[in-house]
Amino acid sequence: QHVAVRALHHARPDALAVEEVIARAVTRSIAAANAFHRDAPTETARAQLARYALSESAKSWLIENLTERFTLSEIARALHTSPFHLARVFRRETGFSLHDYRNHLRLRTALDRIENGDDLARIAHQLGYSSHSHFTRAFTRAFGVTPSSLRRKSPNRLLDELRTIVAARLARAP
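Residues numbered from 1 in each chain as written. Predicted model: local features only at pLDDT ≥ 70, side-chain atom pairs only at ≥ 80, totals over all residues. Heavy atoms only, no water.

Draft legend 1. Broad picture of the overall build of the chain. Looking only at helices and strands, the chain features 10 helices and 0 strands. Sequence-ordered secondary structure for the chain, helices as α and strands as β, is α-α-α-α-α-α-α-α-α-α. The buried share of the chain, taken over its 174 residues, is 37%. In the chain, once contacts between residues fewer than 6 apart in sequence are set aside, the share between residues at least 24 apart is 62%. (Helix = DSSP H or I, 4+ residues; strand = E, 2+ residues; numbered from the N terminus. Buried < 20%, exposed > 50% of the residue type's maximum accessible area, 1.4 Å probe, protein only. Contact = heavy atoms within 4.5 Å.)

Take a look at the structure:
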C-alpha cells in the first residue's frame, strides 16, 4: 500500500509499479483465504512448465521493450494472459516483480553505455527514465555510486564489479 501511495504522488506515476502493488495485495488476500483450504491438489509438471514458459516469455518481452513505458495490462495482453496471473507467476519464478526486473535490465544496459562514454542524460532518456535525476537515483540506489562518479573512479574494474552484481541479481532463483 505504502509503495502504491508513494508511486501515485509522482507527476508521472509508473503504471507498471502501481498495478503490480495492487496485484500483490490481491495475491496476499487470496493466499490468506487459501490458508483455510489445506487440501489443495499438488501442481502438475505441465503447470510448472507453463509457469516457467510464461516467465521466460515475459523476460524476453521486457528485453525487447526495455526503453518503452508500459503497463502490466499491456504486457499481459501481449503474452495472452491476465495481468494478475502474469505478476504472480513472474514473481514466483524469478523472485522479482516485473518492474524490478525491468529496472535491473535498464541498469545493466546503462553500465555498458557509461563505459562507452555516452552522455548520461541521453542514457537516461534512451532507457526510459523520466529524467536524468530519476536515472541517477535508481543507479545510486542499486550500486551505491552515482553514474558520474563511476566515470571518474577507475571505471573498468568498478564496472566489472557492478556487472557481476547485476548479473547475480538477475540470475538468482527464488
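Draft legend 2. Geometry of the packing of aromatic side chains. Evaluated as defined, the whole model comprises 6 aromatic pairs. Where W61 meets F70, the ring centres are 4.8 Å apart and the plane angle is 80 degrees; that geometry is what we call edge-to-face. The same class applies to W61 as to F70, namely buried. An aromatic cluster is defined as three or more aromatic residues linked by ring pairs; in this entry it consists of Y129, F135, F139 and F143. For the cation-ring pair, R102 lies above F70, with the distance from its terminal atom to the ring centre recorded as 5.2 Å. (Phe/Tyr/Trp six-rings, centres within 6.5 Å; stacked < 30°, edge-to-face > 60°. Lys NZ or Arg CZ within 6 Å of the ring centre and 35° of its normal.)

Draft legend 3. Looking closely at helix α3 (residues 45-64). Compared with an ideal rise of 1.5 Å per residue, which puts 20 residues at 28 Å, α3 spans 29 Å between its outermost C-alpha atoms and is within 8% of the ideal. For α3, the complete set of buried residues consists of R51, L54, S55, A58, K59, W61 and L62. One side of α3 holds all its buried residues, which, seen down the axis, span an arc of 165 degrees. Set apart from the buried face of α3 by more than 90 degrees, the exposed residues are A45, R46, L49 and E64. Close packing links the buried residues of α3 with α4 (72-78), α5 (83-94) and α6 (98-115). (Expected span 1.5 Å × (residues − 1). Arc of directions from axis to C-beta.)

Draft legend 4. Representation of the nonpolar core in the model. One finds L62, I75, L86, L98, F135, F139 and F143 to be the most contacted residues of the largest nonpolar core, which totals 38 residues. Mapped by element, the contributors of at least two residues to this core are α2 (15-34), α3, α4, α5, α6, α7 (120-126), α8 (132-143) and α10 (155-171). The leading source of residues in this core is α6, at 7 residues. Not counting residues within four places of it along the chain, the set of residues in contact with F139 comprises L107, L111, I114, G144, V145, T146, P147, L150 and L162. (Core = buried A, V, L, I, M, F, W, Y, C linked by side-chain atoms within 4.5 Å.)

Draft legend 5. The arrangement of α2 in detail. Its 20 residues place the ends of α2 28 Å apart at the C-alpha level, agreeing with the 28 Å of an ideal helix rising 1.5 Å per residue. Those residues of α2 that fall on the buried side of the exposure criterion are L16, A17, V18, E20, V21 and A23.

Draft legend 6. Highlighting unusual backbone geometry. Positive phi values are uncommon outside glycine, yet H80 reaches one of about 60 degrees. Of note, H80 is situated in the loop between α4 and α5.

Draft legend 7. Examining the packing of α3 against α6 more closely. Between α3 and α6, the least distance of the axes is 10 Å, while the angle of their chain directions is 50 degrees. On the basis of the axis angle, α3 is oblique to α6. Judged by the sense of rotation from one axis to the other, the crossing of α3 with α6 is right-handed. Contact with α3, carried on its side by A58, K59, L62 and I63, involves L98, Y101, R102 and L105 of α6 and no other residues of that element. Its residues placed into classes, the contact of α3 with α6 shows 6 nonpolar, no polar and 2 charged. (Axes fitted to C-alpha atoms, helices over the stretch in contact; angles between N-to-C directions. Parallel < 35°, antiparallel > 145°, perpendicular 65-115°, else oblique. Left-handed = near helix turned anticlockwise from the far one by under 90°. Nonpolar A, V, L, I, M, F, W, Y, C, P; charged D, E, K, R; others polar.)

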